[in-house]
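Structural overview for review
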Protein chains: 2
Amino acid sequence: MSARGRPRRFDRTAALRVAMELFWEHGYEGTSLSMLTDAIGITSTSLYAAFGSKGELFREAVDLYNSADWSPTDSALETSPTARQAIERMLRDNADAYVDPHTPRGCMVVLAGLNLTSANEYIGHRLAALRRRDHDKVVARLDRGVAEGDIPPGTDTAAMASYYLTVLHGLSIQARDGCSRELAHTVIDRAMLTWDALIRQPDHEVVAGDPPRSGGG
Amino acid sequence: MSARGRPRRFDRTAALRVAMELFWEHGYEGTSLSMLTDAIGITSTSLYAAFGSKGELFREAVDLYNSADWSPTDSALETSPTARQAIERMLRDNADAYVDPHTPRGCMVVLAGLNLTSANEYIGHRLAALRRRDHDKVVARLDRGVAEGDIPPGTDTAAMASYYLTVLHGLSIQARDGCSRELAHTVIDRAMLTWDALIRQPDHEVVAGDPPRSGGG
DNA sequence: CCAATTATGTATCGATCGATACATAATTAT
DNA sequence: ATAATTATGTATCGATCGATACATAATTGG
């Protein structure tokens, strides 16, 4: 690729990952250039040459965070056979990621852009747009459930999506506050009770849906 | 009180409220001294003379936020006759505050200390301690429900509290993302279904609890 | 070898951060 | 009136913010 010129002395991908974890933990404005350069082990000159600016670096870090390896949401929604299983897997896989001891706690998209100076408000808008996209994906998956018959027609899928995303976003705060994996899954147990209470309408048949798990496997 | 000396030319209480709203909206590090002095209309000298430091000012702002006027949680938990009504009122009154157009959206205690430099981590710890205190209050109210008979003995009140606080914290993010008051209450409708699914055990009588509201008061 | 290209190292930019020194104004106690 | 006390206004502190200028090192293309 970049054959010409003096070769880069550091691993750009590894550096991006270090930056992602710093932004993830401390947020955009809570992460300074000196924190980034110290953690990566390069000078600010090299960082700017490789990534352009702090805002560009953050954008790349968010892209990395949202890539398939890091974000279990897409695969949970797409591969689960029923809408109920899709929601539950989305919640449980994300919860596992939120309390993973190898990475900062909670969701970067939720947590990294909340405390911003006016000059950097666009960062918050970008992350809010990503949350809106997740909301739309959940609604689409629920609508697919309606189309496929495992959700009764007439169900307010938008409200249902908002409810489960509220739980998901709340779990980011719980994770930041140190909650255990077990407790997170117990919370999800309770959140899934809503599904059974709402979807099992008296005049509708329930097609699929596994029983609520108790522990969290 | 402060009879001696030159009288203060600004309203300290009003200034504190302005500071509270700025910290509430932008977080601790997202609010600079110049933002504070510009919004209040005083010089940094006067601000330091009146409040000591940025950290002290923030502490007073959090105290104001947690005072009875601003925090409906305590009154909801204490005055509601049943545990179910206490939880539902806590959620609905807080949700109303989160989307109140006269104040920043969401909960200051949840949102203001998430993106911090290492030097200011104590701010995050202080707010986390307040969230833990809320958790303990909810558990205490649920335990009281067990003692008074409207919750079956053996109920995992700690898990129940974590669940409802997860929903409450998630509503702060939803509020930041612009959700309507109606949608917030619809989310709470769904959250309260968990109560009925868990508390109405087949071998236990339900003593109290109003039916789930649909719209939101 | 030489030119072109790309990255690095040093040193620093102007702006802003939170915080203060110092002199002055306005009030009360005596 | 004078001293003591408290607040204000001006001007600025050292540190850090994100970002760059400039010279040098290391590689490829010719």
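With that settled, consider the overall build of chain A. The helix and strand inventory of chain A stands at 10 helices and zero strands. Listed by position from the N terminus, the elements making up chain A come as α-α-α-α-α-α-α-α-α-α. The principal-axis extent of the C-alpha atoms belonging to chain A is close to 70 × 35 × 35 Å. In chain A, which comprises 217 residues, the share counted as buried stands at 50%. Contacts spanning at least 24 positions in sequence make up 71% of the contacts within chain A whose residues lie at least 6 apart.

A separate point is the side chain of Ser71 of chain A. Residue and element names in this part refer to chain A. Structurally, Ser71 can be placed in the loop between helix 4 (54-66) and helix 5 (73-79). For Ser71, a relative accessible area of 15% gives the class buried. Among all residues touching Ser71, those that are not within four sequence positions of it are Tyr65 and Asn66.

A common measure of how large an interface is: the accessible area buried when the components associate. If you look at the interface, chain B gives 41 residues, while chain A gives 41 residues. Where chain B abuts chain A, roughly 3,300 Å² becomes buried across the two surfaces, and 59% of that area is made up of carbon and sulfur atoms. Ranking the residues of chain B by area buried against chain A places Leu114, Asn115 and Arg190 of chain B at the top, with a combined share of 21%. On inspection of chain B and its partner chain A, the count reaches two salt bridges. Asp177 of chain A is the salt-bridge partner of Arg131 of chain B, the closest N and O atoms lying 2.7 Å from each other.

A word on the domain arrangement of chain A. All names here are of chain A. On domain assignment, one finds that chain A holds domain 1 (12-65) and domain 2 (73-199). A straight line from the C-alpha centre of domain 1 to that of domain 2 covers 26 Å. On the side of domain 2, 19 residues touch domain 1, which itself brings 14 residues to the contact. In total, domain 1 and domain 2 occlude about 1,400 Å² of area from one another, counting both sides; carbon and sulfur atoms represent 62% of this. There are zero salt bridges connecting domain 1 and domain 2. Applying the counting rule to domain 1 against domain 2 returns six residue pairs in polar contact (both at pLDDT 80 or more).

Residues and elements named next belong to chain A. The final tally for this structure, using the stated rule, is 12 aromatic pairs over all chains. Ring centres of Tyr28 and Phe58 lie 5.0 Å apart, and the angle between their planes is 70°; this geometry places the pair in the edge-to-face category. Remark: Phe58 occurs in helix 4 and Tyr28 occurs in the loop between helix 1 (12-26) and helix 2 (33-40); sequence separation between them is 30 residues. Here the aromatic residues Phe23, Tyr28 and Phe58 are joined through ring pairs into a cluster of three or more. Sitting over the face of the ring of Tyr28, Lys54 holds its NZ or CZ atom 4.5 Å from the ring centroid.

This next bit is on the nonpolar core. In this structure, Met108 and Trp195 of chain A together with Met108 and Trp195 of chain B are the most contacted members of the largest nonpolar core, which totals 130 residues. The contacts of Met108 of chain A, once residues within four sequence positions are left out, are Met20, Phe23, Trp24, Phe58, Ala61, Val62, Tyr65 and Leu127 of chain A.

All names here are of chain A. Applying the stated rule across the entire model yields three cavities of 30 Å³ or more. Space inside the largest cavity adds up to approximately 150 Å³. At the level of elements, helix 4, helix 6 (83-98), helix 7 (108-111), helix 8 (121-148) and helix 9 (157-176) are the ones that each hand at least two residues to the lining of the largest cavity.

In this section: the protein's contact with DNA strand C. Around DNA strand C lies a shell of 23 residues, among which Thr45 and Ser46 of chain A together with Leu33, Tyr48 and Lys54 of chain B are the nearest. Each atom of DNA strand C within 4 Å of the protein belongs either to a base or to sugar and phosphate, the latter forming 71%. Contact between DNA strand C and Arg6 of chain A: a base oxygen at 3.0 Å from a main-chain N or O atom of the residue. A distance of 3.4 Å separates a base nitrogen of DNA strand C from a polar side-chain atom of Thr45 of chain B. Within the residue set of the surface near DNA strand C, elements represented by two or more residues are helix 3 (44-51) of chain A together with helix 2 (33-40) and helix 3 (44-51) of chain B.

Taken together, 23 residues form the shell around DNA strand D, and within it Leu33, Tyr48 and Lys54 of chain A together with Arg4 and Thr45 of chain B come nearest. The sugar-phosphate backbone supplies 71% of the atoms of DNA strand D found within 4 Å of the protein. Ser34 of chain A is positioned such that a nitrogen or oxygen atom in its side chain is 3.1 Å from a phosphate oxygen of DNA strand D. Here Lys54 of chain A contributes a side-chain N or O atom positioned 2.7 Å from a phosphate oxygen of DNA strand D. Within the residue set of the surface near DNA strand D, elements represented by two or more residues are helix 2 and helix 3 of chain A together with helix 3 of chain B. Of all the elements, helix 3 of chain A adds the most residues to the surface near DNA strand D, at three residues.

All right, on to the relation of the copies chain B and chain A then. Turning chain B through 180° and shifting it by 0.0 Å along the axis lays it on chain A, with an RMSD of 0.0 Å. Both chain copies can therefore be described as sitting about a two-fold axis. It is Gly170 of chain B whose C-alpha, among those of chain B, lies nearest the rotation axis, at 1.8 Å.

Attention shifts here to the packing of helix 6 of chain A against helix 8 of chain A. The description of two helices packed together rests on the angle between their axes and the distance between the axes. Residues and elements named next belong to chain A. Running from amino to carboxyl end, helix 6 crosses helix 8 at an angle of 155°, the nearest separation of the two axes being 9 Å. Taken together, the axes of helix 6 and helix 8 are roughly antiparallel relative to one another. Contacts between helix 6 and helix 8 involve Ala83, Ala86, Ile87 and Met90 from the first element and Val138, Arg141, Leu142 and Gly145 from the second.

Analysis parameters
- Residues numbered from 1 in each chain as written.
- Chains lettered and ligands numbered in written order.
- Predicted model: local features only at pLDDT ≥ 70, side-chain atom pairs only at ≥ 80, totals over all residues.
- Heavy atoms only, no water.
- Helix = DSSP H or I, 4+ residues; strand = E, 2+ residues; numbered from the N terminus.
- Buried < 20%, exposed > 50% of the residue type's maximum accessible area, 1.4 Å probe, protein only.
- Contact = heavy atoms within 4.5 Å.
- Buried area = accessible area lost by both parts, 1.4 Å probe.
- Salt bridge = Lys/Arg side-chain N within 4 Å of Asp/Glu carboxyl O.
- Domains from an automatic or database assignment.
- Polar contact = N/O pair within 3.5 Å; in protein donor to acceptor, adjacent residues only side chain to side chain.
- Phe/Tyr/Trp six-rings, centres within 6.5 Å; stacked < 30°, edge-to-face > 60°.
- Lys NZ or Arg CZ within 6 Å of the ring centre and 35° of its normal.
- Core = buried A, V, L, I, M, F, W, Y, C linked by side-chain atoms within 4.5 Å.
- 1 Å grid on protein atoms, 1.4 Å probe; cavity = no way out; pocket = protein on both sides within 12 Å on 5 of 7 lines; lining within 4 Å.
- Points joined across faces, edges and corners; volume = space filled by probe spheres on them.
- Near = heavy atom within 4 Å.
- Least-squares fit on C-alpha atoms with pLDDT ≥ 70 in both.
- Axes fitted to C-alpha atoms, helices over the stretch in contact; angles between N-to-C directions.
- Parallel < 35°, antiparallel > 145°, perpendicular 65-115°, else oblique.

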